[in-house]
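# Structural overview for review
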Amino acid sequence: MITFTINGREISVEKQTSVLEAATANGVDIPALCFHPALRPSGSCKLCVVEIIGHPDMANIPTTMLSCILKVKDGIVITTESDQVQEARIKALKNLLKMAPQSKKLREMAERYDVPVGPAPDGCIRCRLCVRICKDIVGAGALKMEKRNGMHYVVPVEGRCIGCGTCANICPTGAITPKQDRDEVWE
């Protein structure tokens, strides 16, 4: 058995256990997206960063490493929430958000770690075709433009949608999806 410390708590685990696996098994939360126990770790997402002191292969200086790749060693001390860890985790989240800004899971993680995410991309290019077709051709006037936090959004006008789907059909980016189980296209 290997004994090490994580967030001030001493833990014993089997040799060849990753720090992430040991932490998870002992109720210590370390965020990770690219890890799966059935696969060899890749460290792709970079979210599982931890701070380590006392690794036999390194100087006794706090260093950040990816917990999915790092194997436990006797006597190492791991911290999961230091300033250095937070800085690395925020950088990783920002990089991931650049690749998938619409990802609900990433946006939730970013909010949890106080990373500003801005408004959610909604696929809408603000061409107003849906607003115009609904008002000028269909006659329902069920959509309007509304400014929120300095940005315009297409929003439904409550009780006006007749469920025709014309707005979804005319949308050039597919941002509007008709709901099959409702009388209205918009909620």
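This is a predicted model, so every value here is computed, not measured. (Residues numbered from 1 in each chain as written. Predicted model: local features only at pLDDT ≥ 70, side-chain atom pairs only at ≥ 80, totals over all residues. Heavy atoms only, no water.)

## Remarks on the overall build of the chain
For clarity, the cut-off: Strands here are runs of E lasting at least two residues and helices are runs of H or I lasting at least four, both read from the DSSP assignment and numbered beginning at the N terminus. The globule rule used here is 2.2 Å times the number of residues to the 0.38 power, and the radius of gyration it is set against is calculated over C-alpha atoms.
Across its full length, the chain carries five helices and seven strands. Tracing the chain from N to C terminus, the helices and strands come up as β-β-α-β-β-β-α-α-α-β-β-α. In terms of overall dimensions, the chain is more spread out than a globule: its C-alpha atoms have a radius of gyration of 24 Å, far above the 16 Å expected for 187 residues. With the C-alpha coordinates of the chain rotated into their principal frame, the extents come out at 75 × 35 × 25 Å.

## A look at the sheet that holds strand 3 (residues 49–53)
Hydrogen bonding along the main chain pairs the strands of a sheet, whether they run parallel or antiparallel. Stated precisely, the cut-off is as follows: At least two DSSP bridges between two strands are needed for those strands to be called paired. Inter-axis angles, ranging from 0 to 180 degrees, are taken between N-to-C directions of lines fitted to C-alpha atoms, where helices are fitted over the stretch in contact. Only heavy atoms matter for contacts: two residues are in contact if any of them lie within 4.5 Å across the pair.
What the five strands build is an open sheet, ordered 2-1-5-3-4; its pairing is mixed. Among the strands making up the open sheet, the edge pair consists of strand 2 (9–13) and strand 4 (63–66). The average angle at which neighbouring strand axes cross in this sheet is 35°, direction not considered. When strand 1 (residues 2–6) meets strand 2, the two strands line up antiparallel, connected through five bridges. Across the sheet, residue Ile6 finds its bridge partner in strand 2, namely Arg9. Packed on one face of the sheet, helix 2 (residues 83–99) meets strand 3, strand 4 and strand 5 (77–79) and runs near 150° to strand 3.

## Things to note about helix 3 (residues 104–112)
The condition that has to hold: Residue exposure (1.4 Å probe, protein chains only): buried if accessible area is under 20% of the type maximum, exposed if over 50%, otherwise partly exposed. Throughout, the arc means that of the directions going from the helix axis to the C-beta atoms.
Those residues of helix 3 lying buried are Leu106, Arg107, Met109 and Ala110. Summarising the axial view, the buried residues of helix 3 lie within an arc of 160°, below the 170-degree limit, and thus occupy one face. Away from its buried face by more than 90 degrees, helix 3 exposes Lys104, Lys105 and Glu111. Packing partners of the buried residues in helix 3 comprise helix 2. Phi turns positive, to about 60°, at Asp114, one or two residues after helix 3.

## As for the packing of helix 2 against helix 3
Counted only if it meets this: Oblique is the label for every angle not falling under 35 degrees (roughly parallel), over 145 degrees (roughly antiparallel), or within 65 to 115 degrees (roughly perpendicular). Two helices crossing with the near one rotated counterclockwise from the far one by less than a right angle form a left-handed crossing, whereas a clockwise rotation gives a right-handed crossing. In this count, Pro and Cys sit with the nonpolar residues alongside Ala, Val, Leu, Ile, Met, Phe, Trp and Tyr, while Asp, Glu, Lys and Arg are called charged and the others, Gly among them, polar.
Two numbers describe how helix 2 lies on helix 3: the axes approach to 10 Å, and their chain directions differ by 155°. Between helix 2 and helix 3, the angle is such that the two are roughly antiparallel. For the element pair helix 2 and helix 3, the recorded crossing hand is left-handed. The segment helix 2 lies against helix 3, with Leu93, Leu96 and Leu97 engaging Leu106, Arg107, Met109 and Ala110. Here the residues of the contact of helix 2 with helix 3 sort into six nonpolar, no polar and one charged.

## Remarks on unusual backbone geometry
The phi dihedral of Asn7 falls on the positive side, at around 50°, and the residue is not glycine. A positive phi is found at Lys46, a non-glycine position, where the angle reads about 65°. Relative to the assigned elements, Lys46 resides in the loop between helix 1 (19–25) and strand 3. With relative accessibility at 46%, the residue Lys46 sits in the partly exposed group.

## Here we look at the side chain of Ser67
Tracing the backbone shows Ser67 in the loop between strand 4 and strand 5. For Ser67, a relative accessible area of 0% gives the class buried. Not counting residues within four places of it along the chain, the set of residues in contact with Ser67 comprises Ser18, Val19, Leu20, Ile30, Cys48 and Val50.

## Here's the deal with the pairing of strand 1
Here strand 1 shows one buried face, formed by Ile2, Phe4 and Ile6, and one open face, formed by Thr3 and Thr5. Connecting strand 1 to the antiparallel partner strand 2 that follows it, the hairpin turn spans two residues, and Asn7 within it adopts a positive phi of roughly 50°.

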